[in-house]
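An overview of the molecular structure
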Amino acid sequence: MNDSRSNSILEDRVLQAGEEWSRVLAPGQILRIVDLEGYQAVDFLCYNAKDPAERYNAADTMKINGSIFIGKGAKIYSDMGNALFTVIEDSCGRHDTIGGCCSNEANRLRYGAKDGPNCRDNFVRALTRHGLGKKDIVANINFFMFVPVNPDGSMSVGLDAGHSSAGDRVELRAETDVLAVLSNCPQIHNAVNNFSPTPIRVTVFDRT
Ligand SMILES: [Zn+2]
């Protein structure tokens, strides 16, 4: 873990539960996400900032890394076979690639819930700032979220809380000019946030 005092901080903020965030990072800049209280899912998308038609591809990222989980050393690949980010630090160990984001539609189907805060709407809100929108949402990463898959192929999003603890962090190094978009998941209908969404800290820095 690197002490932030040795880094050049470009942005440092706490996002409350349900808030979204986006930023373009230059190559070499680092995005640190800290799960301040534990058991908090952070839904994440990324794009080639210079050509957003190129974006994160979940299947290729799983295939090339050889795992359905993302952890330290994993690269986050685009649909053009380029690494957008490398995971350079990770105190949690496993991050989800298959559960996708929560939405009003899914919450209605799964829980009979009325419309409320959700990651899909957050993604749309953030993407709109960058000239993108609903059609640009693809299968996303969920940092700190845990979706176990059983030997028979069964899986369930939301039965298990994540296995992150307070202060767990992940650090992503931009490998090109990357637009990063994230939603600090407001889900309250299942266990992904342990039924109580909490704040995260997002820091962008250059390592000197
Ligand atoms: Zn969510």
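Use the structure listed above.
All of these numbers come straight from a predicted model, not from anything done at the bench.

Considerations on the state of the cysteines
This model, assessed by the stated rule, comprises zero disulfides. This cysteine, cysteine 92, is not joined by any disulfide, and cysteine 185 carries the nearest cysteine sulfur, 15 Å off. Residue classification places cysteine 92 among the buried positions, given a relative accessible area of 15%.

Observations concerning the coordination of the zinc ion
Around the zinc ion, the donor atoms from the protein are Cys102 (SG), Cys119 (SG) and Cys185 (SG), and they sit 2.2 Å away. In primary-sequence terms, the residues that donate to the zinc ion follow C-x16-C-x65-C. Placement of cysteine 119 in helix H3 (residues 119-128) and of cysteine 185 in the loop between strand S11 (178-184) and strand S12 (200-207) is noted, with a sequence separation of 66 residues between them. You'll find cysteine 119 and cysteine 185 in the same group, each marked buried.

Describing the nonpolar core
Core analysis: the largest hydrophobic core is formed by 30 residues, its most contacted members being Leu31, Phe44, Phe85 and Phe143. In this view, leucine 31 contacts Trp21, Leu25, Phe44, Val170, Glu171, Leu172, Ala180, Val202, Thr203 and Val204; residues no more than four positions away in its chain are not counted. The next biggest cluster of nonpolar side chains, apart from the first, holds nine residues, and it includes Leu45, Leu132, Ile137 and Leu179.

Some points on the pairing of S12
Pairing of strand S1 (residues 7-15) with S12, which is carried by eight bridges, proceeds in the antiparallel orientation. Paired with glutamate 11 across the two strands is valine 204, which belongs to S12. One ladder, built from six bridges, connects strand S3 (residues 30-35) with S12; its direction is antiparallel. Note that in S12 the partner of aspartate 35 across the bridge is isoleucine 200.

Regarding helix H1 (residues 58-65)
For an α-helix, 3.6 residues make a turn, and residues three or four places apart therefore share a direction. Along H1, the residues classified as buried are Ala58, Thr61 and Met62. Buried residues of H1 fall within an arc of 95° about the axis and therefore sit on the same side. Buried positions along H1 lie against strand S5 (69-70) and strand S6 (75-77). The residue sitting at the N-terminus of H1 and contributing the capping side-chain oxygen is asparagine 57; that oxygen lies 3.3 Å from the backbone nitrogen of alanine 59. Among the residues trailing H1, glycine 66 stands out with phi positive, at a value near 75°.

Some remarks on the pattern of salt bridges
Under the counting rule described, the total for this entry stands at 13 salt bridges. Across the salt bridge formed by arginine 201 and aspartate 12, the nearest N and O atoms sit 2.5 Å from each other. Placement of arginine 201 in strand S12 and of aspartate 12 in strand S1 is noted, with a sequence separation of 189 residues between them. Of the charged contacts, one joins aspartate 60 and lysine 63 as a salt bridge, the two residues approaching to 3.2 Å between their closest N and O atoms. Here lysine 63 and aspartate 60 lie together in helix H1, a separation of three residues that amounts to about one turn. For lysine 63, a relative accessible area of 61% translates into the label exposed. Connected through shared salt-bridge partners, Glu11, Arg13 and Arg23 make up one network.

What counts, and at which threshold
Numbering of residues begins from 1 in every chain and follows the order in which that chain's sequence is written. Where totals are concerned, whole chains, interfaces and linings use all residues; where local detail is concerned, this predicted model gives features only for residues with pLDDT of at least 70, and gives and counts side-chain atom pairs only at 80 or more. Water and hydrogen atoms were dropped before computing side-chain values, which therefore reflect all heavy atoms in the structure. By disulfide we mean two sulfur atoms from cysteines, separated by a distance within 2.5 Å. Buried means the residue's accessible area, taken with a 1.4 Å probe over protein chains only, is under 20% of the maximum for its type, while exposed means over 50%, and partly exposed covers the values in between. Coordinating donors are taken to be N, O and S atoms lying within 2.8 Å of the metal, or within 3.2 Å when the metal is Na, K or Ca; because water is excluded from the atom set, some sites may appear incomplete. A run of H or I in DSSP counts as a helix once it spans at least four residues, and a run of E counts as a strand once it spans at least two, with each numbered from the N terminus. Only buried residues count toward a nonpolar core. Its members are Ala, Val, Leu, Ile, Met, Phe, Trp, Tyr and Cys residues joined through side-chain atoms within 4.5 Å. Whether two residues are in contact is decided by their heavy atoms: any pair within 4.5 Å suffices. DSSP-based pairing: two strands are paired if at least 2 bridges between them are found. Arc definition: it is the arc formed by the directions from the helix axis to the C-beta atoms. Polar contacts, as used here, are pairs of N or O atoms within 3.5 Å; protein pairs need one atom able to donate a hydrogen and one able to accept it. Residues neighboring in sequence count only if both atoms are side-chain atoms. Between Lys or Arg on one side and Asp or Glu on the other, a salt bridge is scored when a side-chain nitrogen of the former is within 4 Å of a carboxyl oxygen of the latter.

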